[in-house]
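Architecture at a glance
Here are the chains, one letter per residue:
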Amino acid sequence: MRDAEIRQLPQLIGEEVRIRGWLFNKRSSGKLQFLILRDGTGYLQALVFKPEVSDQVWEDAERLGQESSLWVVGTVRQDTRAPGGVELVVRQLGIVQLCQDFPITPKEHGVAFLMDHRHLWLRSRRQHAILRVRSELCFAIREFFHSRGYVLIDSPILTPAACEGTSTLFETDYFGEKAYLSQSGQLYLEPAAAAHGKVYCFGPTFRAEKSKTRRHLMEFWMVEPEVAWMRFAELLDLAEEFVAELVARILDRCQEELKRLERDTSKLEPATQRPYPRIDYADAVAKLQAKGFAVQFGDDFGGDEETALADESGKPVMITRYPAHIKAFYMEPDPEDPSRALAVDMIAPEGYGEIIGGSERIGSYELLEQRIREHNLPREAFQWYLDIRKYGAFPHSGFGMGIERVVAWLCGLEHVRETIPYPRMLYRLYP
RNA sequence: UCCGCAGUAGCUCAACGGUAGAGCGUCCGGCUGUUAACCGGAGGGUUGGGGGUUCGAAUCCCUCCUGCGGAGCCA
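Residues numbered from 1 in each chain as written. Chains lettered and ligands numbered in written order. Predicted model: local features only at pLDDT ≥ 70, side-chain atom pairs only at ≥ 80, totals over all residues. Heavy atoms only, no water.

A tally of helices and strands in chain A yields twelve helices and 19 strands. Along the first, second and third principal axes, the C-alpha atoms of chain A reach 85 × 55 × 40 Å. Out of the 431 residues belonging to chain A, those deemed buried represent 52%. Long-range pairs, those at least 24 residues apart, make up 65% of the contacts in chain A with a sequence separation of at least 6. (Helix = DSSP H or I, 4+ residues; strand = E, 2+ residues; numbered from the N terminus. Buried < 20%, exposed > 50% of the residue type's maximum accessible area, 1.4 Å probe, protein only. Contact = heavy atoms within 4.5 Å.)

What follows concerns the nonpolar core. By size, the foremost hydrophobic cluster in this structure holds 64 residues, and its most contacted members are Ile 141, Phe 242, Met 401 and Trp 409. If one sorts the elements of this core by residue count, helix 6 (residues 232-253) sits on top with twelve residues. Membership of the second largest hydrophobic core comes to 31 residues, among which are Ala 308, Ala 324, Ala 343 and Leu 386. (Core = buried A, V, L, I, M, F, W, Y, C linked by side-chain atoms within 4.5 Å.)

Another aspect to go through is the side chain of Asp 280. Residue placement: Asp 280 occurs in strand 13 (residues 278-280). Assessed through its relative accessible area of 14%, Asp 280 is described here as buried. Side-chain polar atoms of Asp 280 contact the side chain of Arg 340, separated by 3.1 Å. Look past the residues within four positions of Asp 280 in its chain and what remains in contact with it is Thr 320, Arg 321 and Arg 340. (Polar contact = N/O pair within 3.5 Å; in protein donor to acceptor, adjacent residues only side chain to side chain.)

Contacts to RNA strand B come from 50 residues, most closely from Arg 27, Ser 28, Arg 77, Arg 214 and Arg 405. Among atoms of RNA strand B positioned within 4 Å of the protein, sugar and phosphate together represent 45%. Residue Asp 79 places a side-chain N or O atom 3.5 Å away from a base nitrogen belonging to RNA strand B. Within the side chain of Arg 405, a nitrogen or oxygen atom sits 2.2 Å from a sugar or linking oxygen of RNA strand B. Contributions of two or more residues to the surface near RNA strand B are made by strand 2 (16-29), strand 3 (32-38), strand 4 (43-49), helix 2 (111-116), strand 12 (219-228) and strand 18 (353-360). Of the residues belonging to the surface near RNA strand B, the class tally is 15 nonpolar, 14 polar and 21 charged. (Near = heavy atom within 4 Å. Nonpolar A, V, L, I, M, F, W, Y, C, P; charged D, E, K, R; others polar.)

This part covers the sheet that holds strand 8 (residues 158-159). Reading across the sheet, the three strands line up as 8-10-9 and stay open at both edges, with antiparallel pairing between neighbours. Each edge of the sheet is formed by a strand with only one pairing partner; in this case those strands are strand 8 and strand 9 (171-174). (Pairing = 2+ DSSP bridges.)

Attention now moves to the sheet that holds strand 17 (residues 343-348). Read from one edge to the other, the open sheet built from eight strands follows the order 7-11-12-19-18-17-14-13, with strand pairing classed as mixed. The sheet is open, and its two borders are formed by strand 7 (151-152) and strand 13, each paired with just one other strand. Bridge count between strand 14 (residues 317-320) and strand 17: four bridges; the pairing is antiparallel. Across the sheet, Ile 319 pairs through a bridge with Asp 345, a residue of strand 17.

Taken together, the buried positions of helix 5 (residues 186-196) are Gln 186, Leu 187, Leu 189, Glu 190, Ala 192 and Ala 193. In the stretch just after helix 5, Gly 197 is the one whose phi turns positive, near 90°.

Looking now at the pairing of strand 18. Look at any regular strand and the pattern is simple: side chains alternate between the two faces of the sheet. Across the eight residues of strand 18, six count as buried, placing the element largely inside the fold. Where strand 17 folds back on strand 18, the antiparallel hairpin that results is connected by four residues, among which Glu 350 adopts a positive phi of roughly 60°. Direction of pairing for strand 18 relative to strand 19 (residues 396-402): antiparallel, over a ladder of five bridges. Across the sheet, residue Glu 360 finds its bridge partner in strand 19, namely Ser 397.

Attention now goes to the packing of helix 4 (residues 125-147) against helix 6. Their axes nearest at 10 Å, the elements helix 4 and helix 6 cross at an angle of 135°. The orientation of helix 4 with respect to helix 6, classified from their angle, is oblique. Once helix 4 is placed against helix 6, the crossing between them reads as right-handed. Where helix 4 abuts helix 6, its residues Val 133, Glu 136, Leu 137, Phe 139, Ala 140, Ile 141, Glu 143, Phe 144 and Phe 145 lie against Leu 238, Glu 241, Phe 242, Glu 245, Leu 246, Arg 249, Ile 250 and Arg 253. Residue composition of the contact of helix 4 with helix 6, grouped by class: eleven nonpolar, no polar and six charged. (Axes fitted to C-alpha atoms, helices over the stretch in contact; angles between N-to-C directions. Parallel < 35°, antiparallel > 145°, perpendicular 65-115°, else oblique. Left-handed = near helix turned anticlockwise from the far one by under 90°.)

All right, on to the environment of Gly 357 then. Among the secondary structure elements, Gly 357 is positioned in strand 18. In this structure, the C-alpha to C-alpha distance between Gly 357 and Met 401, residues 44 residues apart in sequence, is 6.8 Å. The residues contacting Gly 357, other than those within four sequence positions of it, are Val 344, Asp 345, Phe 399 and Gly 400.

On the surface, Leu 158, Tyr 174 and Phe 175 cluster together to form a nonpolar patch covering roughly 380 Å² of accessible area. For Phe 175, the location among the structural elements is in the loop between strand 9 and strand 10 (177-181). (Patch = residues over 30% accessible without salt bridge, like charges linked within 9 Å, V, L, I, M, F, W, Y side chains within 5 Å. Areas by Shrake-Rupley, 256 points an atom, 1.4 Å probe, with all protein chains shown as cover. Salt bridge = Lys/Arg side-chain N within 4 Å of Asp/Glu carboxyl O.)

Here we take up the domain arrangement of chain A. Examined at the domain level, chain A breaks down into domain 1 (2-97) and domain 2 (118-419). Each of domain 1 and domain 2 has a C-alpha centre, and these two points are 46 Å apart. Each side of the interface is counted separately: domain 1 has seven residues, and domain 2 has six residues. Buried area between domain 1 and domain 2, both sides added, is near 570 Å², and the carbon and sulfur share of it is 43%. Among the residues domain 1 hides against domain 2, the three largest losses belong to Phe 24, Gly 40 and Tyr 43. Together they make up 64% of the total. Linking domain 1 with domain 2 are one salt bridge, by the criterion used here. With a closest N to O distance of 2.9 Å, Glu 67 and Arg 123 form a salt bridge. (Domains from an automatic or database assignment. Buried area = accessible area lost by both parts, 1.4 Å probe.)

Here is the structure:
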């Protein structure tokens, strides 16, 4: 007799094994009890047949409430009537803890109730599948960069000043000084690019904006590559190659999860094929105006406008060369038109919005200094950042990708709150 | 911050001015192949808080609280 994980059982037909897990559901029919167990690797129908077990085992099985923790010993058997085609014929059963009144029953629940019980909600099939996709995506991201020679540079979470000077930051006390939770690792990555060439950071970021939409969290994860000597055109290629490979990877490795989430994967297939449409900001404005949107040249796009632009091809769309004044202070001006920035946003299809924002960075000390002044940023706080243009300035580019929006897109979710184990939302900090 | 919508049994909802109900969960009973099993029975409520209108309020009005959706901003 050996311990086994549920996912291994199709390879263990006829063997006697012990499975440890939790009671997911139970059905009974006279002298038969069907215990549905979960152990994190899968779901198993365990059959308890009264004539073949001791009275103790039978009674213990009867007492089990939903989510009781237990172990069972029995023989693995193939049976077409069992979900998954494999079941366990129970011989012995041990209760580890008898659970009563588990709040999340196999029926439907409201969002507020589920969010209050997020720590228990994680056990449900759907949440389990989503977080597996997230895990696979994060691994694929690290593999993508690592295999291409990028060095992982962890940027700080506690920072002395605003990175971009725009978003509202969470403020905290740092031994009598003010400190802020990082809203981006990018500025800290640029010096590291001068040290290592190709670098990336991957960690949590924080925005204190009182945003209340299905695309926003107060705490979210962002991966940000930064590459020395990379120009804008190459940055577009990198972003495209990155997303195409990630989508292909998830389609390949998360088939079971996407099926459980009832994701129509045919809608993701186009994104594995390069190139993606690239639309100049000016053309995007014209397209939107032709569709009846009230945008003017110089405006930033709202959610509806983004959706309209991305829905044409079924692929992510890259909008390029935004007006400089609606973009961050550190973005390199377009040499053909300095009023525009060498900036790109990648918009995911199906209304999932902006998943990537990136740019070539300003190389000139004087220009950067001027931009810091124009944005009313505290110059002293940015001296270290200016130093990068003083001691061996170099062209470089990078982008940031929001993990939760990508997971929401890949899984076909209504809201990003399900894509992170413990979402931090406006007015919700529990559990 | 602004604009909508909603708070009724543990959960999801119905009743919309006249005795507060159902399904699920729970408990008890039945069933040798169930698939969110099924069948029978039982228990379960100051209708989010406060105030008002009315003979009478879950229902209409005011207010506060909580949640949800959207906008702005962004990933």
